[in-house]
2 protein chains.
Amino acid sequence: MPTVERKTSPPAPSTEELLAHVESHLAAAIDGAMEAPPRLLEAARHAVLGGGKRLRPLLCIRAALAAGGRVDEALHSATAIELIHAFSLVHDDLPALDNDDLRRGRPTVHRAFGEAMAILCGDFLLGLACATISEGPVEPLRATQELLHATNRMIFGQVFDTLGGTDSSAEADEQLRAIHALKTGALILVSCRLGGIAAAAPPAIVSSLDHYGIALGQMFQAVDDLLDETQTTEHLGKAAGKDRDAGKLTYPRVHGLEGTRTRIEGLRVKALAAISGMGPEADPLRQLAEELATRSR
Amino acid sequence: MPTVERKTSPPAPSTEELLAHVESHLAAAIDGAMEAPPRLLEAARHAVLGGGKRLRPLLCIRAALAAGGRVDEALHSATAIELIHAFSLVHDDLPALDNDDLRRGRPTVHRAFGEAMAILCGDFLLGLACATISEGPVEPLRATQELLHATNRMIFGQVFDTLGGTDSSAEADEQLRAIHALKTGALILVSCRLGGIAAAAPPAIVSSLDHYGIALGQMFQAVDDLLDETQTTEHLGKAAGKDRDAGKLTYPRVHGLEGTRTRIEGLRVKALAAISGMGPEADPLRQLAEELATRSR
């Protein structure tokens, strides 16, 4: 594994600092849309700026820093990934899909602005994400293509999850992992990968980040499924117990609660192992894996 | 106006030849999607390959040829524009938007595959369009950005048209033109523009193509509104009279049938004037303007 040369050695920025950067870039991306109907921008702000963990942009920036890059080199990618995430939530929440009224403790976009606006708002955010990443400073064409690839994989996962169509001869565990590698995993993986690309990291480093991202994505989904079973709607800020009630394949349904906890622990170890060759600048990524393994919302 | 140097001088390809190229590239773009759920690809094929005039890809390729480029240089852009057009139809036809059951004489995607699939299929086609153009041979990053800009303008137009929000102090004619410059105009304009870009044409030629595209886009919409009033559903292959019944701003509503015909004639002349400085290689663009002015479906 090649060692990482830092271009600069400032102290690692705090999560609060990074979140402030992300938030202001998200707002600027929306407000920069010329000619847009004011009501559409309102809906977009509601969808994007209403809180949220910002896991994906944080992962992207932390991955870039771990690979020797700078925050500003990763911000276009980080912003674009969160816009894609927001678009997917707006469309997934629609009545024809998951039919959710609540997101981050507030009404979903179609509840607040109507279905027509929610459909068009999601479309707008998808285009805005691509436009944002295409203006980034490092290999923008490659970055745009990576993001598009991940976005389509995410959509494929949503189709399988909502409408079925996976290989029914496969074991339940295999189907579960296949769906989630697409639905949740693709975007978490590309967050890490785009951080490496923004840092112009060598292929071996990008590959380490990929493997970290794959394990982290699986772990994230397993924890999500666990919380869906064990936490209240009020605590989560979104409807709890829905996936179970909808008869979806979830980790607890396939492996039970204890089996899910065991898998989460295994994936945490796997994520850490993937970046064990990286130096102390990858510590925030290690910290993130710990936090995500034990989060309660 | 700089003269256009042709890189090669083969005889101009026939419309049938070009349509065959476009059709096979559209099919290849969809079928090239790895990991996609088979049912999603079926829905995408239904949306994209079910006939259609292919006006936008034809414009793009004809513009490229008029600017001295080659067919193969314009095919990625041409394909991507048609995928964007198809995505927009799939979402616009949804019950929450225009609620159309019929498109090109066949059931709309949500009627044939359900609403959830239609929403996700539109999302997929939007991403696929961007991925396709990003792999083009000439200035792919710029081309991708131009397409995204036009796509978002198209979405803005759909928001204004469906949900209102235009400047109500403006004259009806001004509002009408503002909506359609976005909703229909943006994609027709960028079709011509991307043809010029694919041909690596000098800015003055791209500007001529822009002005041709703007006039043609307005004319196209005026003819569409006229046909919506004067033709049957059976003849059009989509519901006639809907825009009038929905109380939308249309050319006949604002200018009457005769006033609309007068405007169509004025826009035809304007489109031809925009490319009057271009040579005989622009003749197919001139022919297209004539045909679109007098089309009956």
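Thresholds, definitions, all that
What you see as residue numbers is a count from 1 along each chain, following the sequence as written. Here chains are named by letter from A upward and ligands by number from 1 upward, in the order in which they appear as written. Owing to the predicted nature of the model, reporting of local features is limited to residues with pLDDT of at least 70; listing and counting of side-chain atom pairs is limited to 80 or more, with chain, interface and lining totals taken over all residues. Segments assigned H or I by DSSP are reported as helices when at least four residues long, segments assigned E as strands when at least two residues long, and all are numbered from the N terminus. With C-alpha atoms as the basis for the radius of gyration, the globule rule is written as 2.2 Å multiplied by the number of residues raised to the power 0.38. Counting other C-beta atoms within 10 Å of each residue's C-beta, where C-beta atoms are placed from the backbone, gives the exposure class: buried for 20 or more, exposed for 12 or fewer, partly exposed between. Once C-beta atoms are placed from the backbone, any two residues with those atoms within 7 Å are in contact. Least-squares superposition of the copies uses the C-alpha atoms of those residues scoring a pLDDT of at least 70 in each of them. Amino acids outside the nonpolar list (Ala, Val, Leu, Ile, Met, Phe, Trp, Tyr, Cys, Pro) and the charged list (Asp, Glu, Lys, Arg) are all regarded as polar, and Gly is one of them. Remark: nonpolar core denotes a set of buried Ala, Val, Leu, Ile, Met, Phe, Trp, Tyr and Cys residues whose joining runs through C-beta atoms within 7 Å. Axis definition: a line fitted to C-alpha atoms, limited for helices to the stretch in contact. Angles are taken between N-to-C directions and run from 0 to 180 degrees. Relative orientations are named as follows: roughly parallel for angles under 35 degrees, roughly antiparallel for angles over 145 degrees, roughly perpendicular for angles from 65 to 115 degrees, and oblique for any other angle. Crossings are classed by handedness, with left-handed meaning an anticlockwise turn of the near helix from the far one by less than a right angle and right-handed meaning a clockwise turn. Confidence of the predictor in every single residue is expressed as pLDDT, which spans 0 to 100. Expected helix span is computed as 1.5 Å times (number of residues minus one).

Visitor: I would appreciate a short explanation of the overall build of chain A in the present structure.
Guide: Across its full length, chain A carries 14 helices and two strands. Scaling as 2.2 N^0.38, a compact globule of 297 residues should have a C-alpha radius of gyration of about 19 Å, and chain A matches this with 18 Å. Seen through its C-alpha atoms, chain A measures out along the principal axes to roughly 50 × 50 × 35 Å. Counting all 297 residues of chain A, 54% fall into the buried class. Here the analysis covers contacts within chain A between residues at least 6 apart in sequence; of these, 72% occur between residues at least 24 apart.

Visitor: I tried to follow the relation of the copies chain B and chain A on my own but got confused; where do I start?
Guide: Look at the two chain copies: a rotation about an axis and a shift along it is all it takes to match them. Take chain B, turn it by 180°, move it 0.0 Å along the axis, and it overlays chain A with an RMSD of 0.0 Å. The operation mapping one copy onto its partner corresponds to a two-fold rotation axis. The rotation axis passes nearest to the C-alpha of Leu141 of chain B in chain B, at a distance of 2.9 Å. Take the interface residues of chain B: 100% of them recur as interface residues in chain A, which is what a same-surface contact looks like.

Visitor: What exactly am I supposed to notice about the interface of chain B and chain A here?
Guide: For interface size, the figure often reported is the accessible area lost on association. Taken together, the 41 residues of chain B in the interface contact 41 residues of chain A. Of all elements in the fold, only helix H2 (38-48), helix H6 (115-134) and helix H7 (140-163) of chain B reach the threshold of two or more residues within the side of chain B that touches chain A. If you tally residues by element for the side of chain B that touches chain A, the top one is H7 of chain B, at 15 residues. Residue classes in the side of chain B that touches chain A are distributed as 26 nonpolar, 10 polar and five charged.

Visitor: Mind showing me how you'd approach the nonpolar core here?
Guide: Across soluble globular proteins, nonpolar side chains show a tendency to be buried alongside one another. Counting 197 residues, the largest nonpolar core has Cys121, Leu125 and Leu147 of chain A together with Cys121, Leu125 and Leu147 of chain B as the members making the most contacts within it. Once residues within four sequence positions are removed from consideration, Leu125 of chain B is found in contact with Ala44, Ala47, Val48, Leu83, Ala86, Phe87 and Val90 of chain B.

Visitor: Help me out: how do you make sense of the packing of helix H10 (residues 203-230) of chain B against helix H14 (residues 283-294) of chain B in this one?
Guide: When two helices pack together, their arrangement is given by the angle between their axes and by how far apart the axes lie. Residue and element names in this part refer to chain B. At a minimum axis distance of 9 Å, the contact between H10 and H14 shows a crossing angle of 20°. Accordingly, the angle class assigned to the pair H10 and H14 is roughly parallel. The chirality of how H10 crosses H14 is left-handed. Contacts from Tyr212, Leu216, Met219, Phe220 and Val223 in H10 reach Leu285, Ala289, Leu292 and Ala293 in H14. Tallied by class, residues from the contact of H10 with H14 come to nine nonpolar, no polar and no charged.

Visitor: Please explain unusual backbone geometry as it appears in this structure.
Guide: A negative phi angle is the norm for most residues apart from glycine, just as the trans form is the norm for most peptide bonds. Even without being a glycine, Arg54 of chain A presents a positive backbone phi close to 60°. Relative to the elements of secondary structure, Arg54 of chain A occurs in the loop between helix H2 (38-48) and helix H3 (55-66). At Arg104 of chain B, a position not held by glycine, the phi torsion is positive, near 55°. Along the polypeptide, Arg104 of chain B turns up in the loop between strand E1 (102-103) and strand E2 (106-107).

Visitor: Help me out: how do you make sense of the environment of His85 of chain B in this one?
Guide: Residue and element names in this part refer to chain B. Topologically, His85 is positioned in helix H4 (residues 71-92). With 24 C-beta atoms packed within 10 Å, His85 lands in the buried category. Setting aside anything within four residues of it in sequence, one finds His85 in contact with Arg56 and Leu187.

Visitor: For this particular structure, what's the right way to read the environment of Glu290 of chain A?
Guide: One can find Glu290 of chain A in helix H14 (residues 283-294). Overall, Glu290 of chain A belongs to the exposed group, with 12 C-beta atoms counted inside 10 Å.

Visitor: What should I look at first to understand the confidence of the model for chain A in this one?
Guide: Any residue range with low pLDDT should be treated as having predicted coordinates unsuitable for detailed reading. When the pLDDT values of chain A are averaged, the result is 92; 97% of them are 70 or greater. With a pTM of 0.93, the predicted complex shows an ipTM of 0.93.

Visitor: Got a minute to help me understand helix H9 (residues 185-198) of chain B in this structure?
Guide: Each α-helix turn comprises 3.6 residues. Residues three or four places apart therefore point the same way. Residues and elements named next belong to chain B. In this model H9 runs 20 Å from its N-terminal to its C-terminal C-alpha over 14 residues, within 8% of the 20 Å that 1.5 Å per residue would give. Among the 14 residues in H9, 14 count as buried, and that is most of the element. In the stretch just after H9, Ala200 is the one whose phi turns positive, near 50°.

Visitor: Would you explain the environment of Val223 of chain A in this entry?
Guide: Residue and element names in this part refer to chain A. With respect to the helices and strands, the residue Val223 is situated in helix H10 (residues 203-230). Under the C-beta neighbour-count criterion, Val223 is labelled buried, with 23 such atoms within 10 Å. Residues Val223 and Phe156, 67 residues apart in the sequence, show an inter-C-alpha distance of 21 Å. Each residue touching Val223, except ones within four places of it in the same chain, is listed here: Ile264, Leu292, Ala293 and Arg295.

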